[in-house]
Amino acid sequence: MSYVDEVIERVIKENPAEPEFHQAVREVLESLRVVVEANEEKFRRDALLERLVNPERQIKFRVPWIDDNGQVHVNTGYRVQFNSAIGPYKGGLRLHPSVNIGIIKFLGFEQIFKNSLTGLSIGGGKGGADFDPKGKSDREIMAFCQSFMTELCKYIGADTDVPAGDIGTGAREIGYLFGQYKRMRGLFEGVLTGKGLSFGGSLTRTEATGYGLLYITEEMLRTHGQSVSGKTVVVSGSGNVATYAVEKAQQLGAKVVTVSDSTGWVYDPDGIDIAALKEIKEVNRQRLTEYKKYRPGSEYHEGKGVWSVKADIALPCATQNELDLDDAKTLAANGVIAVCEGANMPCTAEAADFFLEKGIYFIPGKAANAGGVATSALEMSQNSERLSWSFDEVDGKLRSIMVSLFHNIDDAAKKYGFEGNYIVGANIAGFEKVVDAMYAQGIV
Ligand code: NDP
Ligand code: 2IT
């Protein structure tokens, strides 16, 4: 059996009931096959792939907190410190009832390669809890964040592990987490990114993932003689990534006709009203059912449906496995030319393979959404030098990182005979830097 197949089999056997982790490992290792086969004996002797798929450290902890009625709740917190070969662990904290160790491991594993692709010095990590922020009061959110950080603060630091936002963790949560870290450790340091601007946050971090997604989409289309301008775009999600993907797509001259949340979706034939979206989601923290009040010409539908709308470009920006093979077939039948992942692993493996087969340009999340973590690393740089850069300076750096990242994955795909396959390109390009660092540092 080949080394790649052997390791995939072991991962499945040794990590039962973690389907998302299996999916992420399989996707990465399958596309590294060509590189691994060329070095099979050496990599096998050095157990390179075993070291890559086993986190350096997994922390799991109890998070007790008290609700507004005096009821005590207990959630489970996680931090997976996956790989520090190229820098301190870096990656978000997800707060969602679906969180379990397999989800955090899939995200942490993806983060290793994503962070490598940014070209910056950040290793891979991820964390979170099975806490549901929906319907909680501000005080309950603070109680949860303080309890979570009381334990997490023992394991993180500005030069060891720097968490950030993800699903359910935005500016408000980062503020409470930072306050508690400072209180527990007595340190005002860049231990979290996505901080408020008044205490060390970076301009453009809020916009970075969505903007970066459009910068890479635009560069990819440009190399194929096309552009975002004039295109119809379908976006899923209506959180941080989706909102700023909509905003930048519109700035680049596209018409974005959908957004969604976990209960329904909006179709606005005249183009999503970004000011209304921000007011509903960021200011009022409401559901998308409110959107029709701002735009009577729009439609609200319960359930799933964004991928049934005819569009040139699809940007899944909500969550993993939200776009399956049937959705991919519908998008293709409706003439989609590009699918770029704003979320982490939003397309199932079958959907992604189908896009490649049909010649639909497909950029996987670890490349397409890397602008968020890249800008987090820029926030870390600013914290280290105790300076703040202007919006345009950070935005300019973000854009040039995404443009270089695209050419890096495009070149890697070509070099190994997979021209146009950005899944292979991203995995190989991300892997090469990490492996180089792992070899240089010996068996650790
Ligand atoms: P937010 O919490 O801001 O928004 C998440 C959005 O996705 C909401 O609209 C939410 O709907 C929807 N959603 C979440 N879970 C589900 C689900 N199970 N089914 C359907 N819809 C769902 O998160 P972000 O925008 O930050 O994150 C979105 C994706 O992007 C995630 O995959 C995240 O890992 C990834 N990402 C985020 C980065 C960042 O900088 N924030 C960076 C790179 C990737 P509802 O409100 O109803 O739950
Ligand atoms: O998935 C991701 O890259 C993020 N949630 C952002 C991580 C970060 O450290 O900014």
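Being a predicted model, the structure only gives us computed values, none of them experimental.

S.K.: Report on the packing of aromatic side chains, specifying residues and quantitative values.
M.R.: Evaluated as defined, the whole model comprises 16 aromatic pairs. The interplanar angle of 85 degrees and the centroid separation of 5.3 Å between the aromatic rings of Trp65 and Phe131 together place this pair among those described as edge-to-face. With Trp65 in strand E1 (residues 57–66) and Phe131 in the loop between strand E4 (123–129) and helix H6 (138–152), this pair connects stretches of sequence that are 66 residues apart. A ring pair is formed by Phe131 and Phe144, whose centres lie 4.0 Å apart and whose planes are at 10 degrees; its orientation type is stacked. You can see Phe131 sitting in the loop between E4 and H6 and its partner Phe144 sitting in helix H6, a full 13 residues away along the chain. With respect to class, Phe131 is no different from Phe144; both count as buried. A network of ring pairs unites the aromatic residues Phe61, Trp65, Phe131, Phe144 and Phe148 as a single cluster. Over the ring of Tyr211 we find Lys248; its NZ or CZ atom is 4.4 Å from the centre of that ring.

S.K.: Break down the nonpolar core for me, citing the residues and quoting the values.
M.R.: Counting 47 residues, the largest nonpolar core has Leu315, Ile363 and Ile409 as its most contacted members. No other element matches helix H8 (residues 205–223), which puts eight residues into this core. Beyond its immediate sequence surroundings of up to four residues, Ile363 is in contact with Ile216, Met220, Val339, Cys340, Glu341, Ala368, Phe406, Ile409 and Tyr422.

S.K.: Any chance you could break down the sheet that holds strand E2 (residues 72–83) for me, citing the residues and the numbers?
M.R.: Taken in spatial order, the five strands line up as E1-E2-E4-E3-E5 in an open sheet, and their pairing is mixed. Looking at strand neighbours, the two that pair on one side only are E1 and strand E5 (161–164), the edges of this open sheet. In this sheet, neighbouring strand axes are inclined to one another by 20 degrees on average, regardless of whether the strands run parallel or antiparallel. Sheet topology note: the strand E3 (residues 89–95)/E4 ladder contains five bridges and is parallel. Looking at E4, one finds that Arg94 is bridged to Gly128. Relative to E4, helix H5 (residues 101–117) is tilted by about 155 degrees, and along the sheet it contacts E1, E2, E3 and E4. Running over the sheet, H6 touches E1, E2, E3, E4 and E5 and is turned about 145 degrees from E1.

S.K.: I'd like to hear about helix H1 (residues 3–14), residue by residue, with values.
M.R.: Within an α-helix, residues lying three or four positions from one another point in the same direction, as the helix has 3.6 residues per turn. Taking 1.5 Å of rise per residue, 12 residues should cover 16 Å, and H1 covers 16 Å from first to last C-alpha, within 8% of that figure. Contacts made by the buried residues of H1 are with helix H2 (19–38), helix H3 (40–45) and helix H4 (48–53).

S.K.: Account for the packing of H8 against helix H16 (residues 391–415), naming residues and giving values.
M.R.: For the pair H8 and H16, interaxial distance at closest approach is 9 Å and the crossing angle is 45 degrees. With respect to each other, H8 and H16 are oriented oblique. Every pair of crossing elements has a handedness; the one defined by H8 and H16 is right-handed. Note on element contacts: H16 touches H8 through Phe391, Asp395, Leu398, Arg399, Met402, Val403, Leu405, Phe406 and His407, opposite Glu207, Ala208, Tyr211, Gly212, Tyr215, Ile216, Glu219, Met220, Arg222 and Thr223. Of the residues contributing to the contact of H8 with H16, the split by class is 11 nonpolar, three polar and five charged.

S.K.: Can you explain the site of ligand 1? Please cite residues and give values.
M.R.: Of all residues adjacent to ligand 1, which total 25 residues, the nearest are Asp166, Thr209, Ser262, Arg287 and Asn344. Thr209 places a side-chain nitrogen or oxygen 2.8 Å from an oxygen atom of ligand 1. Considering ligand 1 on its own, with 880 Å² of exposed area, one finds that the protein chains cover 82% of that surface. Elements with a minimum of two residues in the shell around ligand 1: H8 and helix H9 (240–251).

S.K.: Kindly report on the sheet that holds strand E9 (residues 299–302), identifying the contributing residues and their values.
M.R.: The strand order E9-E8-E7-E6-E10-E11-E12 describes an open sheet built from seven strands, whose pairing is mixed. What marks the edges here is a single partner per strand, and that holds for E9 and strand E12 (361–363). Adjacent strand axes in the sheet meet at a mean angle of 15 degrees, parallel and antiparallel pairs treated alike. The pairing of strand E10 (residues 313–316) with strand E11 (residues 338–340) spans two bridges and is parallel. What sits directly across from Ile313, in E11, is Ala338.

S.K.: Account for the site of ligand 2, naming residues and giving values.
M.R.: The environment of ligand 2 is formed by 14 residues, the closest being Lys90, Lys114, Asp166, Arg205 and Ser376. Between an oxygen atom of ligand 2 and a side-chain N or O atom of Lys114, the distance comes to 2.8 Å. Contact distances for ligand 2 include 3.0 Å between a nitrogen atom and a side-chain N or O atom of Asp166. Protein contacts shield 94% of the accessible area of ligand 2, which totals 290 Å² for the unbound molecule. When residues of the shell around ligand 2 are traced back to their parent elements, those giving at least two are E3, H5 and helix H15 (370–385).

About the cut-offs
Residues numbered from 1 in each chain as written. Chains lettered and ligands numbered in written order. Predicted model: local features only at pLDDT ≥ 70, side-chain atom pairs only at ≥ 80, totals over all residues. Heavy atoms only, no water. Phe/Tyr/Trp six-rings, centres within 6.5 Å; stacked < 30°, edge-to-face > 60°. Helix = DSSP H or I, 4+ residues; strand = E, 2+ residues; numbered from the N terminus. Buried < 20%, exposed > 50% of the residue type's maximum accessible area, 1.4 Å probe, protein only. Lys NZ or Arg CZ within 6 Å of the ring centre and 35° of its normal. Core = buried A, V, L, I, M, F, W, Y, C linked by side-chain atoms within 4.5 Å. Contact = heavy atoms within 4.5 Å. Pairing = 2+ DSSP bridges. Axes fitted to C-alpha atoms, helices over the stretch in contact; angles between N-to-C directions. Expected span 1.5 Å × (residues − 1). Parallel < 35°, antiparallel > 145°, perpendicular 65-115°, else oblique. Left-handed = near helix turned anticlockwise from the far one by under 90°. Nonpolar A, V, L, I, M, F, W, Y, C, P; charged D, E, K, R; others polar. Near = heavy atom within 4 Å. Polar contact = N/O pair within 3.5 Å; in protein donor to acceptor, adjacent residues only side chain to side chain. Areas by Shrake-Rupley, 256 points an atom, 1.4 Å probe, with all protein chains shown as cover.

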